[in-house]
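# Notes for the structure review
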Amino acid sequence: MEQLNCLVACEQSQEVTEQIIMLGHKTMSCDIEYDGAKGLPHYKVDVRDLLQERYDLVIFHPVCRYIANSGVRWLYNEDGRQDTCRWLSLIDAIMFFNLRHEFNSDYVGTENPIPHKYAVNGIADKIGIGKYDQCFQPWHFGHEKMKATCLWLKGLPKLEHTNIVGPPPKDKKERQKWQDVWMASPGPDRERLRSVTYTGIAEAMAKQWTEHILHIRTTSAKLVIPIQNINNQIQLF
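### Quick notes on the overall build of the protein
Regarding its fold elements, the protein presents six helices and seven strands. Going from the N terminus to the C terminus, the protein shows its helices and strands as β-α-β-β-β-α-β-α-β-β-α-α-α. Out of the 237 residues in the protein, the part that is buried amounts to 42%. A separation threshold of at least 6 residues defines the contact pool for the protein, and within that pool the share at least 24 residues apart is 62%.

The structure is reproduced here in structure tokens:
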């Protein structure tokens, strides 16, 4: 089996990194702020330093603090006026998110929660992040949890659900158990904990996307041989 060279960008938990490595592929995670949680290969650098490196697959987890729909209310102060600092941070976040277009790879998957309209459409003269290609829940992949996850895809297929254990219960108390991480109380580690990719989703990303790339390459290689034979026959005449 061909070994792919993969980057999991802005991942501290190394959940996705671990799943790709388990499949036999060379994989590094990177994060500017944290070390890798599992002790696996990790760059502690700004992901922008890696944009020129060639990768077979990039999975990108940009910070969602200013982009997620759950935080849109903070764009305005209590008096209804715009929070200028927050809007400027949103512009920076959009520009960082759109690094997804600059990775040196034919296959890029970008993950984030549901974004608000200002992030999607852009503000001032800044281009937005665009509409996501897929949205799903952890309960589509074996976890009794609720946390809407969106994907922006380049060259990659949508993930196929692997183990549907939902929908979540209608009872309020039972439903809250499915939202424990997403509804966690404010604290220094909340953002980091909420950003961890559930194992079932990480497994699906690793398996389905690496298999897709290898299938494309195998199919392309088989097509090259007949074309070469035709060219050789033409030269004989």
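### A short note on the nonpolar core
Ile20, Leu57, Ile59, Leu159, Met205 and Trp209 are the most contacted members of the largest nonpolar core, which totals 23 residues. Mapped by element, the contributors of at least two residues to this core are strand E1 (5–9), helix H1 (15–22), strand E4 (57–60), strand E7 (149–154) and helix H6 (199–236). Non-local contacts of Leu57, meaning those with residues more than four positions away in its chain, are made with Asn5, Cys6, Leu7, Ile20, Ser105, Tyr107, Leu156, Trp209, Thr210 and Ile213. Judged by nonpolar contacts, the second largest core, of 14 residues, contains Tyr55, Phe60, Phe96 and Phe103.

### Focus on the sheet that holds strand E5 (residues 108–112)
Here seven strands make up an open sheet; going across it, the order is E3-E2-E1-E4-E5-E7-E6 and the pairing mixed. Sheet topology places strand E3 (42–43) and strand E6 (134–136) at the edges, where each strand pairs with a single neighbour.

### Re the pattern of salt bridges
Following the criterion strictly, the structure yields eleven salt bridges and no others. Ionic pairing is found between Asp46 and Arg48, a salt bridge with its closest N-O pair at 3.0 Å. Residue Asp46 is classed as buried on the basis of its relative accessible area, which comes to 18%. Salt bridges sharing common partners tie together Glu2, Asp56 and Arg217.

Reading guide: rules and limits
Residues numbered from 1 in each chain as written. Predicted model: local features only at pLDDT ≥ 70, side-chain atom pairs only at ≥ 80, totals over all residues. Heavy atoms only, no water. Helix = DSSP H or I, 4+ residues; strand = E, 2+ residues; numbered from the N terminus. Buried < 20%, exposed > 50% of the residue type's maximum accessible area, 1.4 Å probe, protein only. Contact = heavy atoms within 4.5 Å. Core = buried A, V, L, I, M, F, W, Y, C linked by side-chain atoms within 4.5 Å. Pairing = 2+ DSSP bridges. Salt bridge = Lys/Arg side-chain N within 4 Å of Asp/Glu carboxyl O.

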